[in-house]
Amino acid sequence: MMLSKSGLRGWLARSAALMTLWSLASEAVAFTGEKWNMTQGVTAISHEVYKLHMAAFYVCCVIGFIVFGAIIYSIINHRRSKHPKPADFHESTLVEIIWTAIPFVILIGLAIPAAGTLIKMEDTRNSELTVKVTGFQWKWQYEYLGEGVSFYSTLSQESNVARQLGSGIDVNTVPNYLVDVDNELVLPVGKKIRFVITANDVIHAWWVPALAIKKDAIPGYVNEVWTKIDVPGTYRGVCAELCGRDHGFMPIVVRAVSEAEYKTWLEGKKKGAGVEVAPAAAAPVAAPAAEAALPVAAPAAAKELSKDELVAAGEKVYTANCAACHQATGAGLPPNFPALKGDKVANGPAEGVIKQVLNGKNLMPPFKQLSDQDIAAVASYVRTSWGNKGSVVTAEAVAAARK
Ligand code: CUA
């Protein structure tokens, strides 16, 4: 009587422990599934990729279970204390054929559906819109081919200011720290969009997990890929190829919107002539984060700026394009990135600075893509900051130097 009672108690206790373990384990699986598993994405292709990934994962689980099961079984049941005399059998053609055939069948079984998806991924025919994506150190350029809309997408001003050494800004207070950009790539849902991907300087990679796209951006080479987004939303990505010191600071933001919203956005961009001019409002130099507004699209050279306005606008252009190498303090990072503070060119004739910004020099890439107004502003900022004694530069002078 006593025995059976304690036996029952033991059984109950074991069952309870097992059930607790089981619920903990399944919760862990659900949790990691959400948090650590590959995203299912928002396109038909991304769903296919997800299914392939899960299929391969389950196959791996079964193989792992069988292989480790056999190993553990052998360790326990064929240990030396149980079998002091080892077996001395040798090779078995049958077993070798089986363990060659099974992996072969598994690989073919996985390869057939994977190849089908790969072929679909490569098929960029009948696309309704083409966007050229160009990687730069360290930003992305998006050109809507045939639409005359083209712009650069750089790390958001807010993150960029906060990430500087000694910025004094608590990065936990910066919303979407390091994953926001100034200009998002806006795309319509339900349309087949083709991307042609290349780079201007070194190899980058354009990676947006929700679209199941990860393509190398290689200078002098064009890679093609496409997408058709099903769900409106904001999808983030990053550069996925180590491309230099600011590799970690060239995020991607894709905003998928309805067709109508996309049309409105595109028209707005066209009216802005695709030229971005930093806002003219004078920003307090000591607190650039407070003025972290997005650049306002406005026709270039729409108005004459006062010297202070020009320099303030120049500081924004500088923070976005130059500070990574030449530093916010103008001290540079010698020997590769020279100081601008007290620099000969910066303090010399205006033409020298304009030429260098337009054409680049050594490690410095050309910045022709900036508007005349932006180049005039940034040159003025560099020439009048940190004790430099250069003159301000006008947009006309930049336009003249381009010829
Ligand atoms: Cu561009 Cu990493």
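Here, every reference points to the structure presented above.
Residues numbered from 1 in each chain as written. Predicted model: local features only at pLDDT ≥ 70, side-chain atom pairs only at ≥ 80, totals over all residues. Heavy atoms only, no water.

Chemist: Honestly, the pattern of salt bridges in this entry has me stumped. Any pointers?
Modeler: Close approach of charged atoms lets side chains of opposite charge pair. The tally for this structure, following the rule as stated, stands at 13 salt bridges. With its nearest N and O atoms 2.7 Å apart, the salt bridge here joins Arg-194 to Glu-224. Of the two residues, Arg-194 is situated in strand β5 (residues 193-199) and Glu-224 in strand β8 (residues 223-227); the sequence distance between them amounts to 30 residues. Among the residues examined, Glu-224 registers a relative accessible area of 34% and is labelled partly exposed. (Salt bridge = Lys/Arg side-chain N within 4 Å of Asp/Glu carboxyl O. Helix = DSSP H or I, 4+ residues; strand = E, 2+ residues; numbered from the N terminus. Buried < 20%, exposed > 50% of the residue type's maximum accessible area, 1.4 Å probe, protein only.)

Chemist: Is there a simple way to explain a nonpolar patch on the surface in this structure?
Modeler: Together, Ile-63, Val-67, Phe-68, Ile-71, Ile-72, Ile-75 and Ile-76 line one region of the surface with nonpolar side chains, adding up to about 640 Å² of accessible area. Note that Ile-71 resides in helix α2 (residues 44-77). (Patch = residues over 30% accessible without salt bridge, like charges linked within 9 Å, V, L, I, M, F, W, Y side chains within 5 Å. Areas by Shrake-Rupley, 256 points an atom, 1.4 Å probe, with all protein chains shown as cover.)

Chemist: Would you mind showing me how to read the nonpolar core here?
Modeler: In this structure, Val-131, Tyr-142, Tyr-144, Leu-187, Phe-195 and Trp-206 are the most contacted members of the largest nonpolar core, which totals 39 residues. When near neighbours in sequence (up to four residues on either side) are disregarded, Val-131 contacts Tyr-142, Glu-143, Tyr-144, Leu-185, Leu-187, Ile-193, Arg-194, Phe-195 and Val-196. (Core = buried A, V, L, I, M, F, W, Y, C linked by side-chain atoms within 4.5 Å. Contact = heavy atoms within 4.5 Å.)

Chemist: So what exactly am I meant to see when it comes to helix α10 (residues 372-384) here?
Modeler: Since there are 3.6 residues in each turn of an α-helix, residues three or four apart along the chain are aligned in direction. Relative to the 18 Å expected for 13 residues at 1.5 Å per residue, α10 spans 18 Å between its end C-alpha atoms, a close match to the ideal helical length. Within α10, eleven of the 13 residues are buried, leaving the element largely enclosed by the surrounding structure. Among the residues making up α10, those that are buried are Gln-373, Asp-374, Ile-375, Ala-376, Ala-377, Val-378, Ala-379, Ser-380, Tyr-381, Val-382 and Arg-383. Phi turns positive one or two residues past the end of α10, at Trp-386, with a value near 55 degrees. (Expected span 1.5 Å × (residues − 1).)

Chemist: So what exactly am I meant to see when it comes to unusual backbone geometry here?
Modeler: Glycine aside, negative phi is the norm for most residues, and most peptide bonds take the trans geometry. At the junction of Gln-137 and Trp-138, the peptide bond is cis and its omega measures out at 5 degrees in the coordinates. Take Trp-138: it is sitting in the loop between β1 (129-136) and β2 (139-144). Here Glu-91, not a glycine, exhibits a phi torsion of approximately 25 degrees, which is positive. Glu-91 gets classed as exposed once you look at its relative accessible area, which sits at 63%.

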